[in-house]
2 protein chains.
Amino acid sequence: MTSRAESAAATRRALLDAAAELLDEGGLDAVTLREVGARAGVSRGAPYRHFADKESLLIAIGTQAWEQLGDRTQALRADPGLSSGEKLRGGLNALIAIGRTQPHLYKLMFSHPPGDPAALARAAQRSQSEFLAIVAGLVGEQAARRYTALLISSANGIAGMQVSSQLADEKWGGITTEELVDTLVAMIEAQS
Amino acid sequence: MTSRAESAAATRRALLDAAAELLDEGGLDAVTLREVGARAGVSRGAPYRHFADKESLLIAIGTQAWEQLGDRTQALRADPGLSSGEKLRGGLNALIAIGRTQPHLYKLMFSHPPGDPAALARAAQRSQSEFLAIVAGLVGEQAARRYTALLISSANGIAGMQVSSQLADEKWGGITTEELVDTLVAMIEAQS
DNA sequence: TCAGTCAGGTGACAACGTCAACTGAAAGCC
DNA sequence: GGCTTTCAGTTGACGTTGTCACCTGACTGA
């Protein structure tokens, strides 16, 4: 009925899902290969048939998240009913939303693993190129590099501050991530 | 000769130094209580006389780094020979420099531990208040909150991008963190 | 049909964080 | 000074984890 390749792919997916679920529920420490295997319905050693080690499994989860964000940003960019500013705000808020709803996953997306620092960066590249294209429509090809780098860095930082609950501090007067994104985008729009 | 309190304080410091050294050398995974104890010249159980658990030790290291940064920013703010923009650039670049020279320590400073998320945030508060005071001198008390929150978030993000080597990507055209900070500060100065 | 491939299971090992029990020297008290 | 208390430090032990070597059994291709 099910070929070997099919069942292997299903197991791999089950492992990824189980690991992502554990990450969401209890953070990085909760992701143990034993528990991942158990939730996927296999033994503790089974993950080694699909991932070189635990780190590779985590990288795969982060890569998956970057790809989904890339899809979303691409859809925003292609939407003819949105202004450049709206596309920008939409994309940045989508990124930051991950930080709010899935903080552990978010940290994974921006933490370079010791083994292969380039792996996650490659996965992030497409999302970032989408942003670059949007900004280029605002301030031109030349300046877009600098502003996009600043934009993504800032969005990353805003989300990071939120993840570590530092934006909730009273000295900021209850500022929201959306307000920060609006301020940022407005400043960039003013450059055009 | 040496009182008990003195030798205990010396051991505590030796433990902190050893842990910070291991963190620098091999990242978070390299920091094991056994190795920390060994480098500090004590046994593997000794750290538990000074820190509740491994996490508390790591928090202490992060707190220490925030305090040093606070000292530095305070000195910058008090320097009458610097303009507000220069103070700002100096402080932000100091923060980012930690990301460049001690990436593992930097990640520790911005990662909230599961146990007490507020502990590190409290330590970061003073540094952030210093920035708030500087920005208030630029754009006024009212707008300072928003711009400082954005500023620190962005600096955090810039450093984070650098730590994960994502700024080195060719699509940014070899942009440096200093350029990003300059762009950011210039945009904020334009608001006054 | 049959040898080969490969997903999966199991036993084992070293390393780790952590705790309980112990030791010995400094500190406080009479 | 002698006694008791305190407490930094050590050691043995335990459960958990990542990882490997080895085994098994079902699917695959010829």
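Criteria and cut-off values
Residues numbered from 1 in each chain as written. Chains lettered and ligands numbered in written order. Predicted model: local features only at pLDDT ≥ 70, side-chain atom pairs only at ≥ 80, totals over all residues. Heavy atoms only, no water. Salt bridge = Lys/Arg side-chain N within 4 Å of Asp/Glu carboxyl O. Helix = DSSP H or I, 4+ residues; strand = E, 2+ residues; numbered from the N terminus. Buried < 20%, exposed > 50% of the residue type's maximum accessible area, 1.4 Å probe, protein only. UniProt positions renumbered as here; feature names shortened; annotations may be inferred. Contact = heavy atoms within 4.5 Å. Buried area = accessible area lost by both parts, 1.4 Å probe. Phe/Tyr/Trp six-rings, centres within 6.5 Å; stacked < 30°, edge-to-face > 60°. Lys NZ or Arg CZ within 6 Å of the ring centre and 35° of its normal. Axes fitted to C-alpha atoms, helices over the stretch in contact; angles between N-to-C directions. Parallel < 35°, antiparallel > 145°, perpendicular 65-115°, else oblique. Nonpolar A, V, L, I, M, F, W, Y, C, P; charged D, E, K, R; others polar. Near = heavy atom within 4 Å. Polar contact = N/O pair within 3.5 Å; in protein donor to acceptor, adjacent residues only side chain to side chain.

(A) The arrangement of the pattern of salt bridges in detail. Residue and element names in this part refer to chain B. Within the structure shown, the criterion is met by 16 salt bridges over all chains. Residues E35 and R39 are paired through a salt bridge, measuring 3.5 Å at the closest nitrogen-oxygen approach. Of this pair, E35 and R39 both sit in helix α2 (residues 33–40), 4 residues apart, which is roughly one turn of that helix. Residue R39 is classed as partly exposed on the basis of its relative accessible area, which comes to 36%.

(B) Quick peek at the UniProt feature "domain: HTH tetR-type" (unreviewed entry) in chain A. As recorded in UniProt, the sites labelled "domain: HTH tetR-type" (unreviewed entry) are residues 9–69 of chain A. Along residues 9–69 of chain A, the helical share is 69% and the strand share 0%, with 23 Å between the first and last C-alpha atoms.

(C) Main features of the interface of chain B and chain A. Taken together, the 39 residues of chain B in the interface contact 39 residues of chain A. Taken together, both faces of the contact between chain B and chain A bury some 3,700 Å²; the carbon and sulfur share is 64%. Ranking the residues of chain B by area buried against chain A places K171, W172 and M187 of chain B at the top, with a combined share of 18%. Along the contact surface separating chain B from chain A lie 0 salt bridges. Counting residues per element, the ones that place at least two in the side of chain B that touches chain A are α5 (103–110), α6 (117–139), α7 (141–163) and α8 (177–189) of chain B. By residue number, the principal contributor to the side of chain B that touches chain A is α7 of chain B, which donates 15 residues.

(D) Local environment of the packing of aromatic side chains. This structure, assessed with the given rule, holds 0 aromatic pairs over all chains. Above the ring of Y147 of chain A, the side-chain terminus of R146 of chain A is found at 5.5 Å from the ring centroid.

(E) Geometry of the packing of helix α1 (residues 4–26) of chain B against α5 of chain B. Residue and element names in this part refer to chain B. Between α1 and α5, the shortest axis-to-axis distance is 7 Å and the interhelical angle comes to 115°. On the basis of their axis angle, the class for α1 and α5 is roughly perpendicular. Here L23, D24 and G26 of α1 come into contact with α5, specifically with H104, L105 and L108. Class assignment for the residues of the contact of α1 with α5 results in 3 nonpolar, 2 polar and 1 charged.

(F) Molecular detail of the protein's contact with DNA strand C. Around DNA strand C, 22 residues are found, and the nearest of them are T11, S43, R44 and H50 of chain A together with R34 of chain B. If you look at DNA strand C and keep only atoms within 4 Å of the protein, 47% of those are sugar or phosphate atoms. One of the side-chain N or O atoms of R49 of chain A is found 3.0 Å from a base nitrogen in DNA strand C. The separation between a phosphate oxygen of DNA strand C and a polar main-chain atom of L33 of chain B is 3.0 Å. At the level of secondary structure, the elements contributing two or more residues to the surface near DNA strand C comprise α1 (4–26) of chain A together with α2 of chain B. Counting residues per element, the surface near DNA strand C draws most heavily on α1 of chain A, which supplies 3 residues.

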